[in-house]
Amino acid sequence: MPAPPGIHARRAALKMLDAVLRRGETLEQAAPAALRDVRGPADQALARAIAGEALRWLTDLDARIDSATKQQLPHDAKPRSVLRVMLAQALRLGTPPHAVIATGLPLLAGGPRRLAHGVFSTLMKQDAQLPAVPSLPERVVERWGELADAVAPGLVHPPEVDLHIKDASETAQWQAKLGGESLATSHVRVPRGSPVEKLEGYDEGAWWVQDLAAMIPAMVAGNGPGHALDLCAAPGGKTMALAASGWNVTALDISKRRLGVLKDNLKRTDLKASTVRADALQWEPKHEFDAILLDAPCTATGTCRRHPDVLHRIGKGQIAEMVELQRALIERAAGWLKPGGTLVYAVCSLEREEGEEQAAWVDQTQRLDAHPIAADELPSGIPPTQEGWARTHPGMLPDEGGLDGFFVARWKKP
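Below is a short write-up of the structure. (Residues numbered from 1 in each chain as written. Predicted model: local features only at pLDDT ≥ 70, side-chain atom pairs only at ≥ 80, totals over all residues. Heavy atoms only, no water.)

## A word on the packing of aromatic side chains
Right, so step 1: The full count for this structure, using the stated rule, is three aromatic pairs.
Right, so step 2: Aromatic side chains Tyr202 and Trp207 sit 5.9 Å apart centroid to centroid with 55 degrees between the ring planes, which places their arrangement in the tilted category.
Right, so step 3: Here Tyr202 falls in the partly exposed class, since its relative accessible area comes to 23%.
Right, so step 4: Its relative accessible area of 0% is what places Trp207 among the buried residues.
Right, so step 5: Between the aromatic rings of Trp283 and Trp336, the centroid separation amounts to 5.3 Å while the plane-to-plane angle is 85 degrees, which identifies the pairing as edge-to-face. (Phe/Tyr/Trp six-rings, centres within 6.5 Å; stacked < 30°, edge-to-face > 60°. Buried < 20%, exposed > 50% of the residue type's maximum accessible area, 1.4 Å probe, protein only.)

## Overview of the layout of surface pockets
Right, so step 1: Estimates place the volume of the second largest pocket at around 390 Å³.
Right, so step 2: Here the residues of the lining of the second largest pocket are counted per class, giving 10 nonpolar, six polar and three charged. (1 Å grid on protein atoms, 1.4 Å probe; cavity = no way out; pocket = protein on both sides within 12 Å on 5 of 7 lines; lining within 4 Å. Points joined across faces, edges and corners; volume = space filled by probe spheres on them. Nonpolar A, V, L, I, M, F, W, Y, C, P; charged D, E, K, R; others polar.)

## Let's talk about helix α15 (residues 316-335)
Right, so step 1: Along its 20 residues, α15 runs 29 Å from first to last C-alpha, staying within 8% of the 28 Å computed at 1.5 Å per residue.
Right, so step 2: Those residues of α15 lying buried are Ile319, Met322, Val323, Gln326, Leu329, Ile330, Ala333 and Ala334. One side of α15 carries all its buried residues, which in axial view fall inside an arc of 140 degrees. For α15, exposure combined with an orientation more than 90 degrees from the buried face picks out Gly317, Glu321 and Glu324.
Right, so step 3: Buried residues along α15 sit against α8 (138-144), β4 (227-231), β7 (289-295), β8 (337-347) and α16 (356-365). (Helix = DSSP H or I, 4+ residues; strand = E, 2+ residues; numbered from the N terminus. Expected span 1.5 Å × (residues − 1). Arc of directions from axis to C-beta. Contact = heavy atoms within 4.5 Å.)

## A word on a positive patch on the surface
Right, so step 1: A contiguous patch of positive charge on the surface is contributed by Arg11, Lys15, Arg36 and Lys78.
Right, so step 2: With respect to the element layout, Lys78 can be found in helix α5 (residues 78-93).
Right, so step 3: On the basis of relative accessibility, which here comes to 46%, the residue Lys78 falls in the partly exposed class. (Patch = residues over 30% accessible without salt bridge, like charges linked within 9 Å, V, L, I, M, F, W, Y side chains within 5 Å. Areas by Shrake-Rupley, 256 points an atom, 1.4 Å probe, with all protein chains shown as cover. Salt bridge = Lys/Arg side-chain N within 4 Å of Asp/Glu carboxyl O. Lys, Arg positive; Asp, Glu negative; His and termini not counted. Charge placed at Lys NZ, Arg CZ, Asp CG, Glu CD.)

## Quick notes on the nonpolar core
Right, so step 1: Of all hydrophobic cores here, the largest spans 68 residues; its most connected members are Leu231, Ile292 and Val408.
Right, so step 2: In terms of residue count, helix α11 (residues 212-221) provides more of this core than any other element does, eight residues in total.
Right, so step 3: Once residues lying within four places of it in the same chain are set aside, the contact partners of Val408 are Ile216, Pro217, Val220, Val344, Tyr345, Ala346, Ile373, Trp389 and Ala390. (Core = buried A, V, L, I, M, F, W, Y, C linked by side-chain atoms within 4.5 Å.)

## Details of the pattern of salt bridges
Right, so step 1: All told, the structure shown has 24 salt bridges when counted by the stated rule.
Right, so step 2: A salt bridge links Glu356 to Arg391, with the nearest nitrogen and oxygen atoms 3.0 Å apart. Linking Glu356 in helix α16 with Arg391 in strand β10 (residues 390-392), this pair joins segments that are 35 residues apart in sequence. This pair shows no difference in class: Glu356 is buried, exactly as Arg391 is.
Right, so step 3: It is possible to trace a salt-bridge network through shared partners that takes in Asp18, Arg22, Arg23, Glu25 and Asp76.

## Looking at unusual backbone geometry
Of all residues except glycine, most have a negative phi; of all peptide bonds, most are trans.
Right, so step 1: The omega angle of the peptide bond from Gly224 to Pro225 is 10 degrees, so this bond is cis rather than trans.
Right, so step 2: Put simply, Ala234 and Pro235 share a cis peptide bond, and its omega is 10 degrees.
Right, so step 3: In this structure, Asp127 takes a positive phi of about 55 degrees despite not being glycine.
Right, so step 4: Relative to the elements of secondary structure, Asp127 occurs in the loop between α7 (113-125) and α8.
Right, so step 5: What makes Asp127 exposed here is its relative accessible area of 53%.
Right, so step 6: Although it is not a glycine, Leu397 sits at a positive phi angle of roughly 50 degrees.
Right, so step 7: Looking at the element boundaries, Leu397 is found in the loop between β10 and β11 (406-412).

## A few points about the pairing of β7
In regular strands, side chains alternate between the two faces of the sheet.
Right, so step 1: Where burial is concerned, most of β7 is hidden: six out of the seven residues are buried.
Right, so step 2: Two elements, β7 and β8, share six bridges in a ladder whose sense is parallel. Counterpart to Leu294 in the pairing with β8 is Tyr345. (Pairing = 2+ DSSP bridges.)

## Quick notes on empty space enclosed by the protein
Right, so step 1: Applying the stated criterion to the full structure yields one cavity of 30 Å³ or more.
Right, so step 2: Taken as a whole, the largest cavity spans an internal volume of roughly 40 Å³.
Right, so step 3: Every residue lining the largest cavity is listed: Ala370, His371, Pro372, Glu387, Gly388, Trp389, Ala409 and Arg410.
Right, so step 4: Split by residue class, the lining of the largest cavity holds four nonpolar, two polar and two charged.

## Notes on the sheet that holds strand β2 (residues 187-190)
Right, so step 1: What the three strands build is an open sheet, ordered β2-β1-β3; its pairing is antiparallel. Lying at the two open borders of the sheet, with one neighbouring strand each, are β2 and β3 (207-209). For this sheet, the mean angle separating the axes of adjacent strands, direction not counted, is 30 degrees.
Right, so step 2: Taken strand by strand, helix α10 (residues 171-178) contacts β1 (161-165), β2 and β3, and its axis lies near 10 degrees from that of β2. (Axes fitted to C-alpha atoms, helices over the stretch in contact; angles between N-to-C directions.)

What follows is the structure, encoded as C-alpha cells:
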C-alpha cells in the first residue's frame, strides 16, 4: 500500500521533535538528517512548521493529551510524540482532522494506532482548544519568574523578518520599496514567509537579515573611525553594522563554516572587514582596539520565539557552562582595549546569570568604567534599565510584532 501524500514531512517533523527532546539537539542541527527524504521546499517548510509549533506549544499539547488518556503516557513515548505532531497540525496549522489522521497514524506502524486515534478523535469531538498564550515549561518559569509572564505573549507566533538597511539614510526609501514597517533607523520589518533572496535589494546587498534586538549592540558601539573588534562575529550581522558605521573592523570567529557565511555576506553587501579564524581564548591581537563588541556564546534562550527548542533543551548546567566561558572572554577583551576604548557585551539570552549578573560581575572585577546606554541610543519603546543596560524580551513591542531577547551593557576603559 503506497504511503499517503505528505507522510514524509510528518515523519521528518517527528524525527526533529525526537532529536530535540531526547538528544538535546537544536532544531537546526536536527533538520538536515530529518529532512533527507523530504522533497521540495514546501514540504520541508511544513515539516519545520509542525516541529516548531509542537515545541512552541508542547506544555499545552501535553496537557490536552493527558486529559484524554486513562493512564499518562511516558514523556518520551512515541505515541505521545505522534499525538503532539498531530495536534500541532490540527490546533495550530489548521490541517483538517481527516488529513491529520491519514498522515499521523502511519507514523505508529506496528504500534498503538488505536490509542492515538482514540485520543485524537476524543479531543476533536471535545473541540479542544489551546490557550491564547503558550504555557512555558515549569523549569523555565522557575528560572525566569515574573519575566515568564511577560515573555509568553510574544511566543504565540513565529517572528516577522527584520532587515538591517546598510545605508541609514535610505531607510524610508527601502521601507517604501519593501512595503514593511520601520521601527528604528536602518530597520525595516517585512512579513514572515517572505522569500528573502527574492526581495528587492537582496542581490545588490542593500540590507541583511538581523532581528531588531540584535541591532542594538552595534548601535551602542557608536560610529567610527577607529579600529573595532567583533568577537564571535559570524554570521556577520554585527560586523556589517560596524563596517557600515565607519569602523575598520576585525571579525573573529572559531568556525570555518560560519566565517565562510560572514565572508559571503560581506561580499554581497560590499562592506569591508578583516576576517580571522581563531579561538578567542588563544588568539593574541597585534594592536589594541578603540571598540570591542563581544556578542558572547550563550544559551540563546532569547531566541525562543524563532527557536522554541531552547525552551526544552536548556537547563542550569548549560547556563553555568556559558557563564564561565563568557567571563573568560570578557577578561581577554578588556585587556585588548585602548585607554578610552569601549567594550560592548551582549547575549541573546533571557537568563540573569548571563546578562544582569555578568554586568554586575564586570563592575566588581574589571578595570572598566560603566558607560550607561541612553534612551536616545535605543529603538523607540525600548527604554534602558536603571543601571544603563538594555534588556529586551519577546513580549516587548507587542503591537509591532515583538523582538528577540537580548541583554546589552557597555563600559569604557579609563
